[in-house]
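# Residue-level structure breakdown
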Amino acid sequence: MLWVSYGKFSREGIRGLIDNPQNRAGAIQQLMDAYRGKLISYHLLLNGEIDFFIVADIPDECVADLGLVNALLVRGSGAVETITTVPAYRAEDAIPLMQRAQKMTTEETYKSPSAYGYFPREGA
């Protein structure tokens, strides 16, 4: 499955890239190897909000502890201030999810708070 990770470098991480300009794709691929995954692409945005994003293909059974590794290993390095990893569904693969949500809506499995009158609409 495809996963997108995005985040922000710390001041220390930016300083490291300035002092020693380098492509970190090899280091990221080593981390992916530990998950039997494959780095698809690594991009730098360097806009201060999102400095990088990574697209990787990681087997589903290896994803469970990815958040922990991001928190302890990646952020713990001091080079990355924030990192978030989310699944990236191909449009055709998301259709069954949409259909499931549609079915759950029809069956009233979930009702939004506004359905109970908690959040009145503007002007109401």
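Criteria and thresholds
Residues numbered from 1 in each chain as written. Predicted model: local features only at pLDDT ≥ 70, side-chain atom pairs only at ≥ 80, totals over all residues. Heavy atoms only, no water. Buried < 20%, exposed > 50% of the residue type's maximum accessible area, 1.4 Å probe, protein only. Helix = DSSP H or I, 4+ residues; strand = E, 2+ residues; numbered from the N terminus. Arc of directions from axis to C-beta. Contact = heavy atoms within 4.5 Å. Core = buried A, V, L, I, M, F, W, Y, C linked by side-chain atoms within 4.5 Å. Expected span 1.5 Å × (residues − 1). Lys, Arg positive; Asp, Glu negative; His and termini not counted. Salt bridge = Lys/Arg side-chain N within 4 Å of Asp/Glu carboxyl O. Polar contact = N/O pair within 3.5 Å; in protein donor to acceptor, adjacent residues only side chain to side chain. Patch = residues over 30% accessible without salt bridge, like charges linked within 9 Å, V, L, I, M, F, W, Y side chains within 5 Å. Areas by Shrake-Rupley, 256 points an atom, 1.4 Å probe, with all protein chains shown as cover.

### Re helix α3 (residues 66-74)
For α3, the set of buried residues is Leu66, Val69, Asn70 and Val74. One side of α3 holds all its buried residues, which, seen down the axis, span an arc of 105°. Away from its buried face, by an angle of more than 90 degrees, α3 presents the exposed residues Leu68 and Leu72. Structurally, α3 contributes buried residues whose contacts are with α2 (25-34) and β4 (80-87).

### Quick look at the nonpolar core
By size, the foremost hydrophobic cluster in this structure holds 18 residues, and its most contacted members are Tyr42, Phe52 and Ile58. Setting aside residues no more than four positions away along its own chain, Tyr42 makes contact with Phe9, Asn23, Arg24, Ala25, Ile28, Phe52, Phe53 and Ile54.

### Regarding helix α4 (residues 91-106)
The terminal C-alpha atoms of α4 lie 22 Å apart, and with 16 residues this matches the ideal 22 Å at 1.5 Å per residue to within 8%. Counting buried residues in α4 gives one out of 16 residues, a small share hidden from the surface. Immediately downstream of α4, the backbone of Glu108 shows phi near 55°, a positive value.

### Thoughts on the side chain of Asp51
Assignment of secondary structure puts Asp51 in the loop between β2 (38-44) and β3 (52-57). Despite its burial, Asp51 pairs with no opposite charge; the closest candidate is Lys8, at 6.2 Å N-O. Side-chain polar atoms of Asp51 contact the backbone nitrogen of Phe9, separated by 2.8 Å. A polar contact of 3.1 Å, which involves the side chain of Asp51, links it to the backbone nitrogen of Gly48. If we ignore the near neighbours within four places in the chain, the residues touching Asp51 are Gly7, Lys8, Phe9, His43, Leu44, Leu45 and Leu46.

### Describing a nonpolar patch on the surface
Among the surface-exposed residues, Ile14, Ile18, Leu44 and Leu46 lie close enough to one another that they form a single nonpolar patch of about 340 Å² accessible area. Secondary-structure assignment places Ile14 in helix α1 (residues 11-19). The class of Ile14 is partly exposed, set by a relative accessible area of 31%.

### Quick look at the pattern of salt bridges
Under the defined criterion, the tally for this structure stands at three salt bridges. One salt bridge connects Asp19 with Arg15, and the closest N-O pair in it is separated by 3.8 Å. Residue Asp19 and its partner Arg15 are both found in helix α1; the two are separated by four residues, about one turn of the helix. Salt-bridge contacts for Arg36 lead to Glu61; the nearest nitrogen and oxygen are separated by 2.5 Å. Separated by 25 residues along the polypeptide, Arg36 in the loop between α2 and β2 and Glu61 in the loop between β3 and α3 bring together distant segments of the chain. Here the two residues Arg36 and Glu61 agree in accessibility, since each one is exposed.

### Focus on the side chain of Ser10
With respect to the helices and strands, the residue Ser10 is situated in the loop between β1 (2-9) and α1. For Ser10, a relative accessible area of 11% translates into the label buried. Within the local environment of Ser10, its side chain forms a polar contact with the backbone oxygen of Gly78, the two atoms lying 2.4 Å apart. Ignoring sequence-local partners within four residues, the contact set of Ser10 consists of Gly78, Ala79, Val80 and Glu81.

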